[in-house]
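# Tertiary structure, described
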Amino acid sequence: MVMRVIDEKDFPAIIEIYNSKGRLAANAYIRESYGIKTPWSVMKRIRKAPGFEYDAEEDRFKSTDGRSDESIFMSMSELCGNRGNTSVSADNAASRASASMEKLVHELISDRLLELSRYVTLETSSRTILIDRTSMQADGYKVVTH
C-alpha cells in the first residue's frame, strides 16, 4: 500500500471514528486507508490543528469552530425532506411516461408488422413484393390496388 498524506478535510472522518469506536479503531482506519504505519503522528497533528480540541478526561475530540457535533451532520428531517425533490420527481415521472409511450408505440408497430409479414414478402435481391391476396381475403381483409 502506498502511503498518502492526510489532508485536513479528512480529519472530521478520523475524529468521528475516534469518538465513536475508540483510539484502536481510528488507528486501524488510518493504517488501512492511508498506509501510515505510525497513526499516533496523525493524531498528534489533529490535536494541533485549528478547529479541534482534545479532551483528555473524556478521551474525545471536540470541535472548537463553534459547531456542535450534531450540526456537522444532517438531521433526519433534512435527509428525508422534500427540498428540491419535487422537480426531480416530476422529471422522473415525465421520463417514465415518455418511456412507457415509446414502448407502447414500439409494441403496436411490431404487432402490425408481424400481422403484415403473414401476407407480404419482400425479396430485395429481385426487387419483388409477393402478396398472398387469397389468404388476406380469407382472413377478412379487403385488398385494394391502385
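Let me sum up the structure you'll find in this document. (Residues numbered from 1 in each chain as written. Predicted model: local features only at pLDDT ≥ 70, side-chain atom pairs only at ≥ 80, totals over all residues. Heavy atoms only, no water.)

## Re the overall build of the protein
The line we're drawing: Every helix listed is a DSSP run of H or I at least four residues long, and every strand listed is a run of E at least two residues long, numbered separately from the N terminus. Contacts were defined at the residue level, with two residues in contact if any of their heavy atoms lie within 4.5 Å. All accessible-area figures derive from a Shrake-Rupley calculation using a 1.4 Å probe, and residue coverage is judged against the displayed protein chains alone.
Tallying secondary structure elements over the protein gives 7 helices and 4 strands in all. Each helix and strand of the protein, placed in order from N terminus to C terminus, yields the pattern α-α-α-β-β-α-α-α-β-β-α. Restricting to contacts in the protein with at least 6 residues of sequence separation, those with at least 24 account for 39%. A total of about 11800 Å² of accessible surface is found on the protein, and carbon and sulfur atoms cover 56% of it.

## Considering the pairing of strand β1 (residues 52-55)
Going by this rule: Between any two strands, at least two bridges found by DSSP are needed for them to pair.
Examined bridge by bridge, β1 and strand β2 (residues 60-63) share 4 bridges and lie antiparallel to one another. For Tyr-54, the partnering residue across the bridge sits in β2 and is Phe-61. Where β1 hands over to β2, the hairpin turn is made up of 4 residues, of which Asp-59 adopts a positive phi near 55°.

## Examining the pairing of strand β4 (residues 128-131)
For strand β3 (residues 120-123) and β4, the ladder comprises 4 bridges, and the chain directions are antiparallel. By the bridge assignment for β4, Val-120 is matched with Ile-131.

## Some points on the packing of helix α2 (residues 23-34) against helix α3 (residues 39-48)
Test applied: Interaxial angle, 0 to 180 degrees, is taken between N-to-C directions of lines fitted to C-alpha atoms, where a helix line uses only the stretch in contact. Any angle that falls under 35 degrees is termed roughly parallel, while one over 145 is termed roughly antiparallel, one within 65 to 115 roughly perpendicular, and all others oblique. Throughout, the ten residues Ala, Val, Leu, Ile, Met, Phe, Trp, Tyr, Cys and Pro are labelled nonpolar, Asp, Glu, Lys and Arg are labelled charged, and all others, Gly among them, are labelled polar.
Orientation of α2 relative to α3, taken along the N-to-C sense of each, is 110°, at an axis distance of 9 Å. As judged from the angle between their axes, α2 and α3 are roughly perpendicular. Counted together, Asn-27, Ile-30 and Arg-31 of α2 and Pro-39, Val-42 and Met-43 of α3 form the full contact between these two elements. Among the residues forming the contact of α2 with α3, the class breakdown is 4 nonpolar, 1 polar and 1 charged.

## Quick word on the side chain of Asn-27
Note the cut-off: Type-normalised accessible area, obtained with a 1.4 Å probe on protein chains alone, sets the label of each residue: buried when under 20%, exposed when over 50%, and partly exposed for intermediate values.
Along the chain, the position of Asn-27 falls in helix α2. Accessibility expressed as a relative area gives 9% for Asn-27, which makes it buried. Non-local contacts of Asn-27, meaning those with residues more than four positions away in its chain, are made with Pro-39 and Met-43.

## A look at the pattern of salt bridges
Note the threshold: When a carboxyl oxygen of Asp or Glu is within 4 Å of a side-chain nitrogen of Lys or Arg, the pair counts as a salt bridge.
What the rule picks out here adds up to 4 salt bridges. Salt-bridge contacts for Lys-62 lead to Asp-55; the nearest nitrogen and oxygen are separated by 3.3 Å. Judged by its relative accessible area of 36%, Lys-62 is partly exposed. Taking relative accessible area as the criterion, Asp-55 reaches 18% and is therefore assigned buried. A salt bridge links Glu-115 to Arg-118, with the shortest nitrogen-to-oxygen separation between them at 3.4 Å. Relative accessible area serves as the criterion here: at 52%, Arg-118 is assigned to the exposed category. Each of Asp-55, Glu-58 and Lys-62 takes part in one network of salt bridges that share partners.

## Here we look at the packing of helix α1 (residues 11-21) against α2
Basically, it comes down to this: Two helices crossing with the near one rotated counterclockwise from the far one by less than a right angle form a left-handed crossing, whereas a clockwise rotation gives a right-handed crossing.
Contact geometry for α1 and α2: axes closest at 7 Å, N-to-C directions at 145°. Here the hand of the crossing between α1 and α2 comes out right-handed. Residues Ala-13, Ile-14, Ile-17, Tyr-18 and Lys-21 of α1 pack against Arg-23, Ala-25, Ala-26, Tyr-29, Ile-30 and Tyr-34 of α2. Each residue belonging to the contact of α1 with α2 can be placed in one class, and the counts come to 9 nonpolar, no polar and 2 charged.

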